[in-house]
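For reference, the chains in residue letters:
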Amino acid sequence: MDVSELRKNAKVELDGHPYVVTEFQFVKPGKGQGLYKCKLKNMITGAVLDRTWRSGERLEAANVDSRTMQYLFAGSDGFTFMDSATYEQVELSAELVGDDKYFLLDAPPPGSDQPIAYAVLFYNNRPVGLDVPSHVVMEVTECEPGVKGDTATNVTKGATIQTGLDVQVPLFIKQGEFIKIDTRSKSYVERVNIGK
Amino acid sequence: MNERPPLSTPQRVAVWDAALDATRQTLRGAGLREVLTPVRLSAVAVEPFIEPVAAPPGLLATSPELPMKRLLCRGAPSIFQIATCFRAGELGDHHREELHLCEWYRVGEDAPALRADVEHLVFVVFDAVAKALREPGLPMPPAPGDWDEVGMLDLVEQTLGLRLRGDEDAGALAAALEGATCEEARRDVSRLMADPLATVRDERLASSPRAHALAAWTAFFSAWCDACLDPWLRARVHRGVHVVDFPRALAALSAPDDARPVAHRFESHVHGRELANGYRELGDADEQRRRFEDVNALRASLDLPALPIDHDFLADLRSPGLPPCAGVALGLDRLVLLATGRTRLADVAIELGGLL
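Criteria and thresholds
Residues numbered from 1 in each chain as written. Chains lettered and ligands numbered in written order. Predicted model: local features only at pLDDT ≥ 70, side-chain atom pairs only at ≥ 80, totals over all residues. Heavy atoms only, no water. Contact = heavy atoms within 4.5 Å. Buried area = accessible area lost by both parts, 1.4 Å probe. Salt bridge = Lys/Arg side-chain N within 4 Å of Asp/Glu carboxyl O. Polar contact = N/O pair within 3.5 Å; in protein donor to acceptor, adjacent residues only side chain to side chain. Helix = DSSP H or I, 4+ residues; strand = E, 2+ residues; numbered from the N terminus. Nonpolar A, V, L, I, M, F, W, Y, C, P; charged D, E, K, R; others polar. Disulfide = S-S within 2.5 Å. Buried < 20%, exposed > 50% of the residue type's maximum accessible area, 1.4 Å probe, protein only. Pairing = 2+ DSSP bridges. 1 Å grid on protein atoms, 1.4 Å probe; cavity = no way out; pocket = protein on both sides within 12 Å on 5 of 7 lines; lining within 4 Å. Points joined across faces, edges and corners; volume = space filled by probe spheres on them. Axes fitted to C-alpha atoms, helices over the stretch in contact; angles between N-to-C directions. Core = buried A, V, L, I, M, F, W, Y, C linked by side-chain atoms within 4.5 Å. Domains from an automatic or database assignment. Expected span 1.5 Å × (residues − 1). Bend = angle between axes of the 7 residues up to and from the residue. Phe/Tyr/Trp six-rings, centres within 6.5 Å; stacked < 30°, edge-to-face > 60°.

Asker: Please clarify how the interface of chain B and chain A should be interpreted in this entry.
Answerer: Interface size is commonly expressed as the accessible area that is lost once the parts come together. With 21 residues of chain B at the contact, the number on the chain A side is 16 residues. When chain B packs against chain A, close to 1700 Å² is buried across both sides, 55% of that on carbon and sulfur atoms. There are 3 salt bridges connecting chain B and chain A. E47 of chain B is paired through a salt bridge with K31 of chain A; the nearest N and O atoms lie 2.6 Å apart. Here chain B is connected to chain A by 8 residue pairs in polar contact (both at pLDDT 80 or more). For the side of chain B that touches chain A, the secondary structure elements donating two or more residues are α8 (209–234) and β10 (273–280) of chain B. Residue contributions to the side of chain B that touches chain A peak at 5 residues, all from α8 of chain B. For the side of chain B that touches chain A, the class distribution of residues is 10 nonpolar, 6 polar and 5 charged.

Asker: Where do I start with the state of the cysteines in this structure?
Answerer: The bond known as a disulfide is covalent and runs between the sulfur atoms of two cysteines. Residue and element names in this part refer to chain B. Summed over all chains, the structure comprises 0 disulfides over all chains. Of all cysteine sulfurs in the structure, the one in C228 sits closest to C225, which takes part in no disulfide; the separation is 9.2 Å. C225 gets classed as buried once you look at its relative accessible area, which sits at 5%. In this model C228 remains outside any disulfide bridge; the closest cysteine sulfur is found in C182, 8.0 Å from its own.

Asker: Any chance you could explain the pairing of strand β9 (residues 262–270) of chain B here in plain terms?
Answerer: Working note: regular strand, side chains alternate between the two faces of the sheet. All names here are of chain B. Judged by how many residues are buried, β9 sits mostly within the fold: 9 of 9 residues are covered. Relative to β10, β9 runs antiparallel, the two being bridged by 6 bridges. Across the sheet, R265 pairs through a bridge with Y279, a residue of β10. Connecting the antiparallel pair β9 and β10 is a turn made up of 2 residues, with H271 showing a positive phi of about 50°.

Asker: When you look at the layout of surface pockets in this model, what are you seeing that I'm missing?
Answerer: In this approach, a probe sized like a water molecule rolls over the atoms, and the result shows the empty space that is left. Considering only enclosed or pocket space, the largest pocket measures out at about 880 Å³ in volume. Around the largest pocket, the lining comprises 36 residues; the ones closest to its centre are H94, H271, G272, R273 and L338 of chain B. Broken down by secondary-structure element, the contributors of at least two residues to the lining of the largest pocket are β2 (17–27) and β3 (35–42) of chain A together with α8, β9, β10 and α11 (332–340) of chain B. Broken down by element, the residue count for the lining of the largest pocket peaks at 7 residues, all from α8 of chain B. Each residue belonging to the lining of the largest pocket can be placed in one class, and the counts come to 12 nonpolar, 11 polar and 13 charged.

Asker: Could you clarify how one ought to interpret the sheet that holds strand β15 (residues 187–192) of chain A in this entry?
Answerer: Backbone hydrogen bonds hold the strands of a sheet together, and the pairing may be parallel or antiparallel. Residue and element names in this part refer to chain A. Read across the open sheet, the 5 strands follow the order β13-β12-β11-β14-β15; overall the sheet is antiparallel. A strand with exactly one partner marks an edge of an open sheet, and here the two such strands are β13 (166–170) and β15. Neighbour-to-neighbour, the strand axes of the sheet open up by a mean angle of 55°, direction not taken into account. As defined by bridge partners, strand β11 (residues 135–143) adjoins strand β14 (residues 178–182) across 5 bridges and the pair is classed as antiparallel. Its bridge partner being in β14, V137 is matched across the sheet by K180.

Asker: How should I be thinking about the nonpolar core in this particular structure?
Answerer: Nonpolar side chains in soluble globular proteins generally cluster together in the buried interior. Residues and elements named next belong to chain B. Ranked by internal contacts, the top residues of the largest apolar core, which has 40 residues, are W104, V118, V122, L330 and L335. Sorting the residues of this core by element identifies α1 (9–29), β5 (79–86), β6 (98–107), α3 (111–133), β9, β10, β11 (325–331) and α11 as the ones contributing at least two each. With 11 residues, the top contributor of residues to this core is α3. V150, L160, W224 and V241 belong to the second largest nonpolar core, which has 37 residues in total.

Asker: I keep staring at empty space enclosed by the protein and nothing clicks. Help me out?
Answerer: In total, this model carries 3 cavities of 30 Å³ or more according to the counting rule given. Taken together, 35 residues form the lining of the largest cavity, with G30 of chain A together with R87, L99, L101 and E274 of chain B sitting closest to its centre. Those elements that place two or more of their residues in the lining of the largest cavity are β6, β9, β10, β11 and α11 of chain B. With 6 residues, the single largest contributor to the lining of the largest cavity is β10 of chain B.

Asker: What should I look at first to understand the domain arrangement of chain A in this one?
Answerer: Along its sequence, chain A is carved into domain 1 (3–61), domain 2 (64–133) and domain 3 (136–192). Centre-to-centre, using C-alpha coordinates, domain 1 of chain A lies 44 Å away from domain 3 of chain A.

Asker: Explain α8 of chain B here, please?
Answerer: Helical periodicity: at 3.6 residues per turn, an α-helix aligns residues three or four positions apart in one direction. A rise of 1.5 Å per residue sets the reference length of α8 of chain B, with its 26 residues, at 38 Å; its end C-alpha atoms lie 35 Å apart and thus fit the reference within 8%. Helix geometry: α8 of chain B is bent most strongly at C225 of chain B, by close to 50°.

Asker: Any chance you could explain the packing of aromatic side chains here in plain terms?
Answerer: Any two aromatic rings considered together are summarised by their centre-to-centre distance and by the angle between their planes. All names here are of chain B. For the structure on display, the rule yields 9 aromatic pairs over all chains. Arranged with centres 6.4 Å apart and planes meeting at 35°, the rings of F221 and W224 form a pair that is tilted. Of this pair, F221 and W224 both sit in helix α8, 3 residues apart, roughly one helical turn. A single burial state applies to F221 and to W224, both of which are buried. Where F292 meets F313, the ring centres are 6.5 Å apart and the plane angle is 40°; that geometry is what we call tilted. Taken as a pair, F292 in helix α9 (residues 285–301) and F313 in helix α10 (residues 311–321) lie far apart in primary sequence, 21 residues in all.

Dropping the structure here:
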């Protein structure tokens, strides 16, 4: 692609890695060469860098696409997902999934009849990234009993959710209840009442 | 300064009406006549990095310069025009593919008269826009109180620690740049030129020392503007600045000085933004043709298509010939932008969307 096609959110390939343009500025002295000043984010590692291109230069568009998938099962060294549109299956390595493994549910979340939609990023048709929803609802499978009469705020206790993640929850949360978790911070957001 | 919101449609209409009226009153009051020249042309001024938009069988004007100079050749008095122009691929906070130039020519006068015009016009339009806009609680941005005039090569020396004469060839310019004493600025300029002076090593330029020098100076100027000139201007945003006396290779369509190896070209900057570009006009048809050909040689080395040369314009330069005159083009969109205190042309432009 020509540099003049650069825009915010354009995806380009640099040194064999896909990058997304996060900030974009075009500057040009009236009779001089235009400069395209970009901040770019590595779509795999998240690393950020600055690059300036001059008008007339060419660069590679990155062959990346994001597919909506549902989670099927864990294997010995990876996690298998299925494309919700084509039913094609793909295994993501444990390394790639990382701590997001705590937010993988193979069944529809409580209160819903649809499986959770995960966004899997493909680069040259190879899975390179996983985006989990910003919040998920999980069951508390283990937690210490609450202490009666303690009404002070900001007092928490340890709990474990169904996928094995340990989180701090308010004292009033009981085993078997459902809570909403922020997947970025891996922290408790609120109690969710599920009509059973 | 607080971020100001985009103008509403009634505000856009009010400020453009005020700016256009003030511009016309100012230039008519100075004795200039308003003209309209064709927007679709068979050829435009051949520039390295100004790309015309095709409008078969011609091109849309990138500026009204050549048709207005042909009028002057044929006996027109001092004239001005508010012209809609097109420059392909220029798209950013301060660039739009469709722009409005106020361009004017004074017959029998020289560039300093135009710089005085620019200063006056900027003041008048700032005042008119402030009156039209009236934003309670938001002080309007002030027009520059004072203006400085500084030679481009003096500014190069000040920012880079490098004294250039203005007539260095490509090799001499590259060698001189190595010796710049402001190390950080030199690194920034070199980095922006990528492989330093890569363009000048292109063999397609080797046969033409003039085109070779144009390529080297253009690459240097583009990088220096970003690395040195812009920060220098941002440090004095409350003053207007005329950068004058460009090196010979960057003369574009301006007349060379008789004594020094510089050209009578200037650029005017307001609030750190380039606003206008003016010349003592070049009347030498052969020199003008060579410059257009040099630009096309540079464009070929950059894999850009050659632009058609306006032979009718060159013929009029030969006979009847261009009277001694000076001309300047000022970006009206940017002037309105600065006068409203906004930061993006999209916040002040009159546009309805849907075309591009």
